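What follows is each chain in one-letter form.
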Amino acid sequence: MRKLILGFYVSLDGKSADGDNGIRDVMMGIDDPEQEEYFVNRLWEAGAFLMGRNTYEIMAGYWPTADHPSARAMNEIPKVVFSRTLKSADDWPETRIARGDTADEIAKLKAEPGKDLVAAGGTAFMHSLIKLGVVDEYRLWVLPAVTGKGAPLFPELDEAVKLRLVKSTAFPSGILELCYAPAGD
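Conventions adopted
- Residues numbered from 1 in each chain as written.
- Predicted model: local features only at pLDDT ≥ 70, side-chain atom pairs only at ≥ 80, totals over all residues.
- Heavy atoms only, no water.
- Buried < 20%, exposed > 50% of the residue type's maximum accessible area, 1.4 Å probe, protein only.
- Helix = DSSP H or I, 4+ residues; strand = E, 2+ residues; numbered from the N terminus.
- Arc of directions from axis to C-beta.
- Contact = heavy atoms within 4.5 Å.
- Pairing = 2+ DSSP bridges.
- Axes fitted to C-alpha atoms, helices over the stretch in contact; angles between N-to-C directions.
- Core = buried A, V, L, I, M, F, W, Y, C linked by side-chain atoms within 4.5 Å.

Further remarks concern helix 3 (residues 53-60). The complete set of buried residues in helix 3 reads T55, Y56, M59 and A60. All buried residues of helix 3 lie within an arc of 120° about the axis, which places them on one face of the element. Packing partners of the buried residues in helix 3 comprise strand 2 (48-52), helix 4 (71-76), strand 3 (79-82) and strand 4 (95-98).

Written out as structure tokens, the structure is:
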């Protein structure tokens, strides 16, 4: 069975890279070839990228013509957009739409053969996955910055979610990759 990995960039104060809190400018301003190469290699480990409609629309407008080091992986690896309103996903190669119940769609994807699934963006979509309890691993890319504002990565939950550290990697720029799994796994 494939795992669902939630991959996300966050500030030191736990704010997401969504919105206008300046964290995207921090991301784009970091020059760390070692981290970039590592990140691209991690992308190639994905069997599919999962995202919501808003993230799809932003990424589909960028990646197909991008010359960024991540572009080839982002364009060639299959993508699944969760949306009941999106009419077509023809703007970005290797993309299909999941229109059903999110938990059911995730269960079907996990049951398919292949590499692990990586949820690739959108705070609202990430919050829905966390609340559904379908995340098998949290892969957080912590940036060396504090925003003081923005959406928190984790939504308000009815009870605490205990996690255990699986792996940590530090890079020269100060970026940390922190990988956590639910403590019961």
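This part covers helix 6 (residues 123-132). All buried positions along helix 6 are accounted for by T123, F125, M126, H127, L129 and I130. Where helix 6 terminates, the next one or two residues include G133, which has phi positive at roughly 75°.

What follows covers the sheet that holds strand 2. With respect to topology, 8 strands assemble into an open sheet ordered 4-3-2-5-1-6-8-7, the strand pairing being mixed. The sheet is open, and its two edges are formed by strand 4 and strand 7 (163-170), each paired on a single side. Strand-to-strand twist in this sheet, taken as the mean axis angle between neighbours without regard to direction, amounts to 25°. Relative to strand 5 (residues 117-119), strand 2 is paired through 3 bridges, and the arrangement is parallel. Looking at strand 5, one finds that A48 is bridged to L117. Running at roughly 115° to strand 2, helix 3 makes contact with strand 2, strand 3 and strand 4 of the sheet. Against the sheet, helix 6 engages strand 1 (4-10), strand 2, strand 3, strand 5 and strand 6 (137-142), with an angle of about 140° to strand 1.

Inspection of the secondary structure puts R139 in strand 6. Overall, the relative accessible area of 8% leaves R139 in the buried class. When residues no more than four places from it in sequence are discounted, the contact partners of R139 are I5, L6, G7, F8, R42, E45, E177, L178 and C179.

Within the secondary structure, E137 is located in strand 6. A relative accessible area of 7% places E137 in the buried class. Setting aside residues no more than four positions away along its own chain, E137 makes contact with K3, L4, I5, L6, R42, C179 and Y180.

The nonpolar side chains of a soluble globular protein tend to be buried with one another. Within the largest apolar cluster, 30 residues are counted, with the highest numbers of intra-cluster contacts made by F49, M51, Y56, W63, M74, W92 and W141. Those residues within four positions of W141 in sequence are excluded, and the remaining contacts are F8, Y9, V10, Q35, Y38, F39, R42, F171, I175, L176 and E177. In this structure, F8, L129, I130 and L178 belong to the second largest nonpolar core, which totals 24 residues.

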